[in-house]
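Letter by letter, the chains look like this.
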Amino acid sequence: MDDLRRTEALLSQQQTKISARNVQVWYGDTHAIKDVSVEIADKTTTAFIGPSGCGKSTFLRCINRMNDTIPAARIEGDIEIDGEDIYDRRVDPVRLRAKVGMVFQKPNPFPKSIYDNVAYGPRIHGLARGRAELDAIVEKALRRAALWNEVKDRLTAPGTGLSGGQQQRLCIARAVATEPEVLLMDEPCSALDPIATAQVEELIDELRQNYSVVIVTHSMQQAARVSQKTAFFHLGHLVEFGDTATIFTNPEDSRTESYISGRIG
Amino acid sequence: MSDAIAPTPPARAVSLHATDARTRRRNAAEKRFKAYGLTAIGIGLAFLAALLFAIVSNGSAAFTQTFVEVPITLDAEEIAAAESSIVKTSKYREIIHGALLEQLADAGIETDMDAAELGKILSSSEAAEMRDFALANPERMGETVRFDFLASSRVDGYLKGRVTRDALARDQNLDAAHLDLVDRLAEQGIVVKRFNWDFILGADASDQRPEQAGIGVAMLGSFFMMLVVLALALPIGVAASIYLEEFAPKNRITDFIEVNISNLAAVPSIVFGILGLAVFIQFAGLPQSAPLVGGLVLTLMTLPTIIISTRAALAAVPPSIRAAALGVGASKMQSVFHHVLPLAMPGILTGTIIGLAQALGETAPLLLIGMVGFIASNYPDGVVSGFTDPNSAMPAQIYEWAKRADPAFYERAWGGIIILLLFLMTMNFIAILLRRRFERRW
Ligand SMILES: Nc1ncnc2c1ncn2[C@@H]1O[C@H](COP(=O)(O)OP(=O)(O)OP(=O)(O)O)[C@@H](O)[C@H]1O
Ligand SMILES: [Mg+2]
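Residues numbered from 1 in each chain as written. Chains lettered and ligands numbered in written order. Predicted model: local features only at pLDDT ≥ 70, side-chain atom pairs only at ≥ 80, totals over all residues. Heavy atoms only, no water.

Chain B is annotated in an unreviewed UniProt entry as Phosphate transport system permease protein PstA of Oceanicola granulosus. Regarding chain B, the relevant UniProt record gives this comment under Sequence similarities (unreviewed entry): "Belongs to the binding-protein-dependent transport system permease family. CysTW subfamily." (UniProt positions renumbered as here; feature names shortened; annotations may be inferred.)

In structure tokens:
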């Protein structure tokens, strides 16, 4: 039984969730992403690493079309999720973002209660019929974000009154409450202490069972700990992409090696 | 630029206790700046204090008024006779003056004045007041009713110290004998000063009867105008700001619109008045002097203020909130209405109320649409006529009084300013309260 499940997981790991081909991004005249092609597998954690300004966030934002909100941004190439082109005319970016959740670098809870923060997504997407169902969704999301025990007695307290780490976990709970299929996390732990970081990493590992998780991080250790696949970006290029173990122990490209060993970046 | 590092000067041992010239100069400059600041604030406060003192000392007298109490026995025959005569009020006047003379005799005050001469201490509105009462209360015929007649504005001014005996001596209306009588009547409690509700609630009166003039009708005119401004400027202004700030693409056209909105905010208000005259009255054919037109003109004037403050409030909402909402799959409109707008609310409300307060105090545009100079002597009949009937507005009424010859009106102009200021203060207070209420949630 247990073996069967593991095989299943292994099998689906090979399934491609997101497939990007020849993606180019410009901000006005700045060429931020240069011809990036990558296949991101389902039920896997993929880490994006690379020096500051190399385009990790930009590429991440292409996957849920958050770049649409930046007037200067221009995108070329194809990105497919489950074989469907997300830049197709027929795609409503709002529905795409319900399917591809995002956690931002800086915790950004709504200035509303903890409960309302988590319930907001399910509410606008009509995921719950009635109060009881919504309560259940909120509790589940908060439990998955490892926040339930800390906030269960003050769900009506403002979300902005939590500590930085709690706020970030609240944002994660908010993102998972809508049951997305892909979770994009842009440096989710940059504001967190080691304990909260460990909790978030544990959470990422758990979320991976169901979702395709993409995480941007500046911490090599974190990338090595949480991810199965790693992509190294440099000056807008995807330099190397492969199994995390390989990238960290035996990189093909010399730039990857220098970055990992701390010589560039 | 060279990367060569400048040789570091040899370290000198300088005591922190010793002061050098540079530090002293810096500290002196700082002290001087603080002194300038304090002086500036002091001058501002002094002006404010002087202004408030002038307003209160000149205007507070408008809130009290001198009345003469006269008991009159309503005689059915007399009244019927008065009603059948051609100039009805003159008969009533005779009755009143007779009653006043009798009252003097009862009070033991001797005088050789005749009734008509004595009647000069009363306001000329007295006959109409008695007639109205008599016609309205036929069941009280035969009873003795105590009337409180307004004293003439000169008597009022004399008792308030505004008019001196010397000044009155040069006046044809009253002479020293009248004033002696007034002094004795005041001792007896027949002539009394009381709080003047009629000033706050009443209508404006003609040039000859300053004692009767009130600001109530003009207040109602201002109220209807503010309703128009609120109903139009708030939704239009907020909708325009949300569109410009959140939805509009950034291009030449929106830039052009933006620049023009800022320019509109600086357009002198009288220009809006002439625009209103041309568009609303001459072109659209709306009635002159109507609060509806005044409100429309003030709406035009208030819109830029509301748009600018609303846009500032929207822009102050951190972009991370918008990103968060979009990130969980909210549409642009949901993110604006669920998250951005509530956060911008205190700023929007403050801007709106400041815009309204500005509009409330505005006189110049009303000049051109005929609201200044209109004698607001009647209350409108209903809500609709409140918008469409000619009326005045508080600042217009104040201007009107200030320009009349009789100094008694001057006092009322100051009194009107007190009321206007109270309104403005209340509005600002509401703005603060709303701000607190919306901000305290988080
Ligand atoms: N909104 C924007 N407008 C213009 N240029 C932008 C914008 N956002 C990013 N850029 C540019 O695009 C390039 C890539 O930026 P991006 O934010 O993707 O880098 P990053 O890899 O996430 O860096 P960091 O690790 O510091 O977050 C940079 O050169 C940046 O200056
Ligand atoms: Mg980034």
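Now that the structure has been shown, the text picks up again.
Novice: I tried to follow the sheet that holds strand β8 (residues 212–216) of chain A on my own but got confused; where do I start?
Specialist: For sheets, the rule is that strands pair by backbone hydrogen bonds, running either parallel or antiparallel. Residue and element names in this part refer to chain A. Reading across from one edge, β6-β7-β8-β3-β9-β10 is the order of the six strands in this open sheet, with mixed pairing throughout. The open sheet terminates on both sides in strands that have one partner only, identified here as β6 (100–103) and β10 (237–243). Put simply, the sheet's adjacent strands are angled 15 degrees from each other on average, direction ignored. Strands β6 and β7 (182–186) of the sheet are contacted by helix α7 (residues 164–177), whose axis makes an angle of about 175 degrees with β6. (Pairing = 2+ DSSP bridges. Helix = DSSP H or I, 4+ residues; strand = E, 2+ residues; numbered from the N terminus. Axes fitted to C-alpha atoms, helices over the stretch in contact; angles between N-to-C directions. Contact = heavy atoms within 4.5 Å.)

Novice: Any chance you could explain the site of ligand 1 here in plain terms?
Specialist: Residues and elements named next belong to chain A. Around ligand 1 sit 13 residues, and of these Ser 52, Lys 56, Ser 57, Thr 58 and His 218 come closest. Measuring from an oxygen atom of ligand 1, one finds a side-chain N or O atom of Ser 52 at 2.4 Å. Gly 53 places a main-chain nitrogen or oxygen 2.8 Å from an oxygen atom of ligand 1. When isolated, ligand 1 has an accessible area of 630 Å², and the protein chains bury 65% of it. Considering each element in turn, the shell around ligand 1 owes the most residues, four residues, to helix α2 (residues 56–63). For the shell around ligand 1, the residue count by class is four nonpolar, six polar and three charged. (Near = heavy atom within 4 Å. Polar contact = N/O pair within 3.5 Å; in protein donor to acceptor, adjacent residues only side chain to side chain. Areas by Shrake-Rupley, 256 points an atom, 1.4 Å probe, with all protein chains shown as cover. Nonpolar A, V, L, I, M, F, W, Y, C, P; charged D, E, K, R; others polar.)

Novice: Can you walk me through the UniProt feature "transmembrane region" (unreviewed entry) in chain B in this structure?
Specialist: Residues and elements named next belong to chain B. The feature "transmembrane region" (unreviewed entry), as given by UniProt, occupies residues 35–56, 215–244, 264–286, 292–314, 340–361 and 413–434 in the numbering adopted here. Helix makes up 74% of residues 264–286 and strand 0%, whereas the separation of the span's terminal C-alpha atoms amounts to 24 Å. Overall, residues 292–314 shows 100% helix and 0% strand. The separation of its end C-alpha atoms is 30 Å.

Novice: What should I look at first to understand the domain arrangement of chain B in this one?
Specialist: Often, the extent of an interface is quoted as the loss of accessible area on bringing the components together. Residues and elements named next belong to chain B. What the domain assignment lists for chain B is domain 1 (62–195) and domain 2 (216–438). One C-alpha centre belongs to domain 1, the other to domain 2, and the line joining them spans 45 Å. On the side of domain 2, eight residues touch domain 1, which itself brings seven residues to the contact. Carbon and sulfur atoms make up 55% of the area that domain 1 and domain 2 hide from each other, which totals about 590 Å². Interface area lost by domain 1 to domain 2 is led by Ala 62, Phe 63 and Arg 162, which between them contribute 72%. Our count for the contact surface shared by domain 1 and domain 2 stands at two salt bridges. In this structure, Glu 411 engages Lys 160 in a salt bridge whose closest nitrogen and oxygen atoms are separated by 3.1 Å. Top contributing element to the side of domain 1 that touches domain 2 by residue count: helix α6 (residues 153–160), with three residues. When grouped by side-chain class, the residues that make up the side of domain 1 that touches domain 2 number two nonpolar, two polar and three charged. (Domains from an automatic or database assignment. Buried area = accessible area lost by both parts, 1.4 Å probe. Salt bridge = Lys/Arg side-chain N within 4 Å of Asp/Glu carboxyl O.)

Novice: What am I meant to see in the confidence of the model for chain A here?
Specialist: Residues shown with low pLDDT carry predicted positions that ought not to be read at fine detail. Put simply, chain A has an average pLDDT of 89, and 94% of its residues get 70 or more. The weakest mean pLDDT in chain A belongs to helix α1 (residues 2–13) of chain A at 53; the strongest belongs to strand β3 (residues 45–49) of chain A at 95. (pLDDT = per-residue confidence, 0-100.)

Novice: I tried to follow the interface of chain A and chain B on my own but got confused; where do I start?
Specialist: On the chain B side, the residues contacting the 22 residues of chain A number 16 residues. Contact with chain B buries area across many residues of chain A, yet Phe 110, Pro 111 and Tyr 120 of chain A alone supply 31% of it, more than any other trio. Remark: the boundary between chain A and chain B carries zero salt bridges. Seen at the junction of chain A and chain B, the total is five residue pairs in polar contact (both at pLDDT 80 or more).

Novice: What exactly am I supposed to notice about the pattern of salt bridges here?
Specialist: Any two side chains of opposite charge can pair if their charged atoms end up close together. Counting across every chain of the model gives 38 salt bridges over all chains. With a shortest N-O distance of 3.2 Å, Arg 123 of chain A and Asp 116 of chain A are connected by a salt bridge. With relative accessibility at 41%, the residue Arg 123 of chain A sits in the partly exposed group. One salt bridge in this structure joins Arg 162 of chain B and Glu 411 of chain B, with 2.3 Å as the shortest N-O distance. Here Arg 162 of chain B is found in the loop between α6 and α7 (165–169), whereas its partner Glu 411 of chain B is found in helix α19 (residues 407–439), with 249 residues between them in sequence. Judged by relative accessible area, which is 4%, Glu 411 of chain B ranks as buried. Each of the salt bridges in this network shares a partner with another, and the network as a whole consists of Asp 156, Lys 160, Arg 162, Glu 411 and Arg 412 of chain B. (Buried < 20%, exposed > 50% of the residue type's maximum accessible area, 1.4 Å probe, protein only.)

Novice: Help me understand the nonpolar core, please; the structure alone is not making it clear to me.
Specialist: In a soluble, globular protein the nonpolar side chains are often hidden away together inside. Ranked by size, the top nonpolar core spans 53 residues in total, and within it Ile 215 and Ile 419 of chain B carry the most contacts. For this core, the secondary structure elements donating two or more residues are α9 (197–201), α10 (216–247), α12 (269–283), α13 (291–315), α15 (332–360), α18 (394–403) and α19 of chain B. If one sorts the elements of this core by residue count, α19 of chain B sits on top with nine residues. Setting aside residues up to four positions removed in sequence, Ile 215 of chain B forms contacts with Phe 199, Ile 200, Gly 202, Met 394, Gln 397, Ile 398, Trp 401, Gly 416 and Ile 419 of chain B. Formed by 41 residues, the second largest nonpolar core is a distinct cluster that contains Leu 162, Ala 173, Leu 192 and Leu 203 of chain A. (Core = buried A, V, L, I, M, F, W, Y, C linked by side-chain atoms within 4.5 Å.)

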